[in-house]
Amino acid sequence: MNLGINILRKCIATTLAIVFIQSTAFAEPLVIPGFLGIESSYIEASDSDSASAYLTLTNLHHEPILILSASGEIFGNATLKNSNNEELEYIEVLPRERLVMGSGGMHIQLNEIEDSITAGDTIELTLLVRRGREAMEYVEEFFDSSIRETFGGGIPNEKEYVMHISVRN
């Protein structure tokens, strides 16, 4: 009898753990393979046609990481801003450094928002990230006929990563 109750308790605990993990895995945290951790990401909802996105970035790589730009389907463009609200060419995170963006500090301003966004929405945001300060030489796309797969086509140390960020008030 006790064995049956213990098995039932373990099954319930396992089920609850799986539900919890699945519900939190979609939004955060995001680790870009091997070099950048992104957590505590959110967008502040506003009544205007712009909003601010905030992220906490941790550089796990031995080179600086640059956030070059942000894009998405629900807004026209994005600008990277510093604490003085001045536009930046990029946001740099040094090796082993943790950068916490926040209100009154560094942020990503989303401009020309098409639809109004409200608290509870989840927005898709694409970041263009570079490993290192300098862009590598552009590589032409090529087809490897031995394995029938296409490779290359772009700057090897730059890549776009898609995030899903929740909207807050």
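The model shown is predicted, which means the values in this text are computed figures rather than measured ones.

Caption draft 1: Up close: the pairing of strand E3 (residues 51-59). Counting buried residues along E3, nine of its nine residues qualify, which places the element largely inside the surrounding structure. Residues Ala51, Ala53, Leu55, Leu57 and Asn59 line one face of E3 and the alternating positions Ser52, Tyr54, Thr56 and Thr58 line the opposite face, and both faces are buried. Here strand E2 (residues 36-44) folds back onto E3, and the loop between the two strands holds six residues. Here three bridges tie E3 to strand E9 (residues 107-113), and the two strands are oriented antiparallel to one another. Its bridge partner being in E9, Ala53 is matched across the sheet by Ile108. Bridging between E3 and strand E8 (residues 98-100) involves three bridges; their strand directions are antiparallel. Bridge pairing in E8 links Thr56 to Val100.

Caption draft 2: Local environment of the nonpolar core. In terms of nonpolar packing, the biggest core is built from 32 residues, with Leu36, Ile43, Leu55, Leu57, Leu127 and Val129 touching the most fellow members. Broken down by secondary-structure element, the contributors of at least two residues to this core are E2, E3, strand E4 (65-71), strand E5 (75-81), strand E7 (91-93), E9, strand E10 (122-131) and strand E13 (158-168). With five residues, the top contributor of residues to this core is E3. When near neighbours in sequence (up to four residues on either side) are disregarded, Ile43 contacts Ala51, Ser52, Ala53, Leu110, Ile117, Ile123, Ile165, Ser166, Val167 and Arg168.

Caption draft 3: Here's a closer look at the environment of Tyr161. Assignment of secondary structure puts Tyr161 in strand E13. For Tyr161, a relative accessible area of 14% translates into the label buried. Spatially, the C-alpha atom of Tyr161 lies 8.3 Å from that of Leu125, the residues being 36 residues apart in sequence. Those residues in contact with Tyr161 that lie beyond four places of it in its chain are Ile32, Pro33, Phe35, Leu125, Thr126, Leu127 and Val129.

Caption draft 4: The packing of aromatic side chains, seen in detail. All told, the structure shown has two aromatic pairs when counted by the stated rule. Judged by centre distance (6.1 Å) and plane angle (70°), the ring pair of Phe35 and Tyr161 falls under edge-to-face. Highlighted residues: Phe35 in the loop between strand E1 (30-32) and E2 and Tyr161 in strand E13, separated in sequence by 126 residues. Tyr161 carries the same exposure label as Phe35, and that label is buried. Over the face of the ring belonging to Phe35 we find Arg131, whose NZ or CZ atom lies 5.3 Å from the ring centre.

About the thresholds
- Residues numbered from 1 in each chain as written.
- Predicted model: local features only at pLDDT ≥ 70, side-chain atom pairs only at ≥ 80, totals over all residues.
- Heavy atoms only, no water.
- Buried < 20%, exposed > 50% of the residue type's maximum accessible area, 1.4 Å probe, protein only.
- Helix = DSSP H or I, 4+ residues; strand = E, 2+ residues; numbered from the N terminus.
- Pairing = 2+ DSSP bridges.
- Core = buried A, V, L, I, M, F, W, Y, C linked by side-chain atoms within 4.5 Å.
- Contact = heavy atoms within 4.5 Å.
- Phe/Tyr/Trp six-rings, centres within 6.5 Å; stacked < 30°, edge-to-face > 60°.
- Lys NZ or Arg CZ within 6 Å of the ring centre and 35° of its normal.

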